[in-house]
Amino acid sequence: MKIAIDIGNTSITCGVFEKNKLTVKNHFDSEESFELYLNNFNHTNINKIIISSVVPKLTEKYVNLLSSNYINRITIIDNKNSQLVLKIKEPESIGADRLCNIKATLQLYQYPAIIVDFGTATTYDVINNNGEFIGGAIASGVETSAAYLIQKAALLYKTDLKFPQNVIGIDTKENIQSGIMYGALDQVEGMIKRISNESDKEYNIILTGGFSVILSPYLSLEHTLDPDLTLKGMICIDKNN
């Protein structure tokens with residue numbers, strides 16, 4: 001059994017893999033709930049812990065926490081052990097979650113490809129015909145944008161982030177939903193079009209991340225939805241090492 005732990009800026013996702021297949025996935029919005037979950041592990045059944053983290057302080061914290069039970073069984077994803085060809089200026093600057101997404105796409109899907117990951121930020125990762133990562137883009141995430149808007153506008157209030165029936169909202173709630181959700185959709189379609197036009201290529205589009213499930217049915221472009229892409233990529237990297 002392998003445990004894949006994806007530590008993000010606002011949440012932690014943990015996947016349990018048996019024979020390299022995801023059997024259980026849990027999502028944690030607080031460090032306390034995740035630590036409680038870790039304490040319930042059956043240590044004898046776990047032969048590997050794989051960590052992908054974009055929060056260095058939490059990486060150190062959880063490695064120290066896990067080391068007593070899993071010494072020499074912890075792998076931390078980085079640009080070196082990912083064994084990817086990163087044709088960019090600063091390979092070490094690419095987040096571990098993006099490395100995992102790229103690895104999983106190369107192993108599981110056709111390329112050239114654009115991976116769109118809806119997390120705290122919305123990231124666009126571009127893979128060329130040779131399976132090389134050539135760069136991408138980073139935009140504010142759907143939930144991040146909504147939180148900032150509501151924080152800065154005194155008359156607005158927090159609301160469920162889902163697609164309203166019409167673009168023209170009839171109250172403040174629908175106005176917020178329309179602007180955030182349809183705006184996010186148009187951003188994705190616009191960015192993919194720009195990337196395709198710039199490189200004069202047609203790409204295989206892969207969606208992943210928390211909001212991918214919500215946005216996928218509304219996207220007009222042909223695409224593949226894989227919410228577990230990051231976790232799968234962690235297992236792919238571990239296998240290759």
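Residues numbered from 1 in each chain as written. Predicted model: local features only at pLDDT ≥ 70, side-chain atom pairs only at ≥ 80, totals over all residues. Heavy atoms only, no water.

Peer 1: Honestly, the pattern of salt bridges in this entry has me stumped. Any pointers?
Peer 2: Two side chains that carry opposite charge are able to pair once their charged atoms sit near each other. What the rule picks out here adds up to eight salt bridges. As a salt-bridge pair, Asp 238 and Lys 2 come within 2.7 Å of each other at their nearest N and O atoms. With a gap of 236 residues between them, Asp 238 in helix α7 (residues 229-240) and Lys 2 in strand β1 (residues 2-7) connect regions that are remote in the sequence. The same class applies to Asp 238 and to Lys 2, which are both buried. Counted as one network, the salt bridges with shared partners bring together Lys 2, Lys 48 and Asp 238. (Salt bridge = Lys/Arg side-chain N within 4 Å of Asp/Glu carboxyl O. Helix = DSSP H or I, 4+ residues; strand = E, 2+ residues; numbered from the N terminus. Buried < 20%, exposed > 50% of the residue type's maximum accessible area, 1.4 Å probe, protein only.)

Peer 1: Any chance you could explain helix α1 (residues 31-39) here in plain terms?
Peer 2: Side chains of residues three or four places apart in an α-helix project in the same direction, reflecting 3.6 residues per turn. Buried within α1 are the following residues: Phe 34, Tyr 37 and Leu 38. Down the axis of α1, the sector holding all buried residues measures 100 degrees, keeping them to one side. Residues of α1 that are exposed and angled more than 90 degrees away from the buried face: Glu 32, Leu 36 and Asn 39. On its buried face, α1 is in contact with β1, β2 (12-18), β3 (21-28) and α2 (56-70). (Arc of directions from axis to C-beta. Contact = heavy atoms within 4.5 Å.)

Peer 1: Got a minute to help me understand the environment of Gly 141 in this structure?
Peer 2: If you trace the backbone, Gly 141 turns up in the loop between β8 (133-140) and α4 (142-152). Separated by 23 residues in sequence, Gly 141 and Phe 118 have C-alpha atoms that sit 6.3 Å apart. Sequence-distant contacts of Gly 141, defined by excluding residues within four places in its chain, comprise Gly 119, Thr 120, Ala 121 and Thr 122.

Peer 1: How should I be thinking about the sheet that holds β1 in this particular structure?
Peer 2: Pairing between sheet strands relies on hydrogen bonds along the backbone, with the strands arranged either parallel or antiparallel. Taking strand neighbours across the sheet as the criterion, the five strands line up as β3-β2-β1-β4-β5 in an open arrangement whose pairing is mixed. On the outer flanks of this sheet lie β3 and β5 (74-76), each paired with one strand and no other. Shown here is a sheet whose adjacent strand axes are inclined to one another by a mean of 20 degrees, direction ignored. (Pairing = 2+ DSSP bridges. Axes fitted to C-alpha atoms, helices over the stretch in contact; angles between N-to-C directions.)

Peer 1: What's the story with unusual backbone geometry in this structure? I'm lost.
Peer 2: Peptide bonds are, in most cases, trans, and in most cases residues other than glycine have a negative phi. Residues Tyr 111 and Pro 112 are joined by a peptide bond in cis, for which omega reads 20 degrees. Tracing the chain through its elements places Pro 112 in the loop between α3 (96-108) and β6 (113-118). One non-glycine residue, Asn 20, lies in the positive phi region at around 65 degrees. The residue Asn 20 is located in the loop between β2 and β3 in this model.

Peer 1: Just to check I follow, could you spell out the layout of surface pockets for this structure?
Peer 2: In this approach, a probe sized like a water molecule rolls over the atoms, and the result shows the empty space that is left. Taken as a whole, the largest pocket encloses approximately 890 Å³ of empty space. In this structure, the largest pocket is lined by 34 residues; those nearest its centre are Ser 11, Phe 118, Gly 119, Thr 120 and Gly 210. (1 Å grid on protein atoms, 1.4 Å probe; cavity = no way out; pocket = protein on both sides within 12 Å on 5 of 7 lines; lining within 4 Å. Points joined across faces, edges and corners; volume = space filled by probe spheres on them.)

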